[in-house]
Amino acid sequence: MSTPLYRLKAEFFKTLGHPVRIRVLELLSERDHAVSEMLNEVGVEAAHLSQQLAVLRRAGLVTARREGSTVHYTLADPGVAELLRVARTILTGVLAGQAELLADLRAAGGSGDDVADEAGNEAGDKNDDGSGG
């Protein structure tokens, strides 16, 4: 029996679920990079970058080629760059909506902190044992 598509998609998105891997894919969306170039940009230890590149290679998202002692990476599919652009668009919209909500709350006379206080009080009410204290 074959694996359902939704499970394959979940595994795919799990592969994308690490900040270093996302940063590497962003860099490779711009152009091919040598590992040494990515080290400077990503800001992690060489061993950690190597682990994350291996995950991306196993997932088929990047390919490597050796030129002498230098290893260059490239995106295996330009669709990965498009996916990252779409994600950025979605996040921009979400964050803009959150900023708008915060501005509306502040305009209504609250700092936004009172909303958190009310949520905390409601949670406390649910746990109230009726003893009044």
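Residues numbered from 1 in each chain as written. Predicted model: local features only at pLDDT ≥ 70, side-chain atom pairs only at ≥ 80, totals over all residues. Heavy atoms only, no water.

Trainee: Could you give me a rundown of the side chain of Gln52, with the residues and numbers involved?
Mentor: Mapped onto the fold, Gln52 is located in helix α4 (residues 46–58). You can call Gln52 buried: its relative accessible area is 7%. If we skip the residues at most four places from it in the chain, Gln52 touches His18, Val20 and Arg21. (Helix = DSSP H or I, 4+ residues; strand = E, 2+ residues; numbered from the N terminus. Buried < 20%, exposed > 50% of the residue type's maximum accessible area, 1.4 Å probe, protein only. Contact = heavy atoms within 4.5 Å.)

Trainee: Residues and numbers for the packing of aromatic side chains, please.
Mentor: Summed over all chains, the structure comprises one aromatic pair. Each ring, one from Phe12 and one from Phe13, has its centre 5.3 Å from the other, and the planes form 80 degrees; the classification is edge-to-face. You can call Phe12 partly exposed: its relative accessible area is 31%. (Phe/Tyr/Trp six-rings, centres within 6.5 Å; stacked < 30°, edge-to-face > 60°.)

Trainee: Lay out the confidence of the model for the protein chain in plain terms, naming residues and giving numbers.
Mentor: Any residue range with low pLDDT should be treated as having predicted coordinates unsuitable for detailed reading. Here the protein chain averages 86 in pLDDT, and 82% of its residues register 70 or above. Taken together, the stretch residues 129–133 has pLDDT below 50 and engages in zero contacts with residues farther than four places along the chain or on a different chain. (pLDDT = per-residue confidence, 0-100.)

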